[in-house]
Amino acid sequence: MSYVIHCTKKLLERIKPSTITVGGASGRSLLGNWYATALFWKPQVALLVNEKTLLPVLMPLAPAADLATRFPAHLATVLAAHDMPQQFIDHELAQMNGVQYAKTSNRSVVGIMNEFSYLAEGYREHLETNDLLALSLKLSKTPCGPLYKTAISPDRALQHRVAASEN
């Protein structure tokens, strides 16, 4: 079982994956595919955004080559910080044994990722913090246009998705 990370061109240049999946099939996890970009802060950071919930996860970029193997642990930390049930977290991690890289294809998610990049920089300066978990949680409360008719913000979309999976 694997999951798909749709990467921006600048991130693909850093990761240098051996293969890039065309189209990128949907992963088997409840959260599905992820979109990712690099933020050239000091130290450099990767921003991953979930395609279904728009949940943001910030994590250290280096070493870029093993970003996908380190991501599930960072996702688990963010999910736990959102008080998600351990059973849900374990299920998601179990579905993330392998990774496929693909180019970005959903322009709406890319737009949200660009907005999160801009907001993260502002929050980092305003809050005077480099705590990536705190910044991820702050970003997850941001109202997002694609979510207006449902959950409004990524943290609420995550709660709705988990609640739906339990029924």
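Up top is the structure these notes are about.
These numbers were taken from a predicted model, which means no experiment stands behind them. (Residues numbered from 1 in each chain as written. Predicted model: local features only at pLDDT ≥ 70, side-chain atom pairs only at ≥ 80, totals over all residues. Heavy atoms only, no water.)

Asker: Tell me about the packing of aromatic side chains, and name the residues and values.
Answerer: Tallying each qualifying case throughout the model produces 2 aromatic pairs. Seen from their ring centres, Y3 and F71 are 6.1 Å apart, and the 35° between their planes marks the pair as tilted. Residue Y3 is located in strand β1 (residues 2-7), and its partner F71 is located in helix α2 (residues 67-81); the two are separated by 68 residues in the primary sequence. Taken as a pair, Y3 and F71 share a single burial class, namely buried. Their ring planes at 70° and their centres at 4.9 Å tell us that W34 and F71 sit as a pair that is edge-to-face. Residue W34 is located in strand β2 (residues 34-39), and its partner F71 is located in helix α2; the two are separated by 37 residues in the primary sequence. (Phe/Tyr/Trp six-rings, centres within 6.5 Å; stacked < 30°, edge-to-face > 60°. Helix = DSSP H or I, 4+ residues; strand = E, 2+ residues; numbered from the N terminus. Buried < 20%, exposed > 50% of the residue type's maximum accessible area, 1.4 Å probe, protein only.)

Asker: For the side chain of T142, give the residues involved together with the corresponding values.
Answerer: Along the polypeptide, T142 turns up in the loop between α5 (132-139) and α6 (154-166). Within the structure, T142 has its side chain in polar contact with the backbone oxygen of L139 (distance 2.8 Å). Residue contacts for T142: discarding those within four places in its chain leaves F116, L119, Y123, I152, S153 and P154. (Polar contact = N/O pair within 3.5 Å; in protein donor to acceptor, adjacent residues only side chain to side chain. Contact = heavy atoms within 4.5 Å.)

Asker: Please give an account of α2 that cites residues and values.
Answerer: Taking 1.5 Å of rise per residue, 15 residues should cover 21 Å, and α2 covers 21 Å from first to last C-alpha, within 8% of that figure. Of the residues flanking the end of α2, it is D83, one or two places downstream, whose phi is positive at about 60°. (Expected span 1.5 Å × (residues − 1).)

Asker: Could you give an account of the sheet that holds β1, naming the residues involved and the relevant values?
Answerer: Taken together, the 5 strands give an open sheet; going across it, the order is β4-β3-β2-β1-β5, and neighbouring strands pair in mixed fashion. Of all strands in the sheet, those with a lone pairing partner are β4 (56-60) and β5 (98-103), marking the two edges. The sheet shows a mean angle of 30° between the axes of neighbouring strands, taken without regard to direction. Sheet topology note: the β1/β2 ladder contains 3 bridges and is parallel. Note that in β2 the partner of H6 across the bridge is Y35. Against the sheet, α2 touches β1, β2, β3 (45-50), β4 and β5, its axis set at about 125° to β4. Seen against the sheet, α5 touches β3 and β4 and runs at an angle of roughly 165° to β4. (Pairing = 2+ DSSP bridges. Axes fitted to C-alpha atoms, helices over the stretch in contact; angles between N-to-C directions.)

Any functional reading would require information that these geometric values do not contain.
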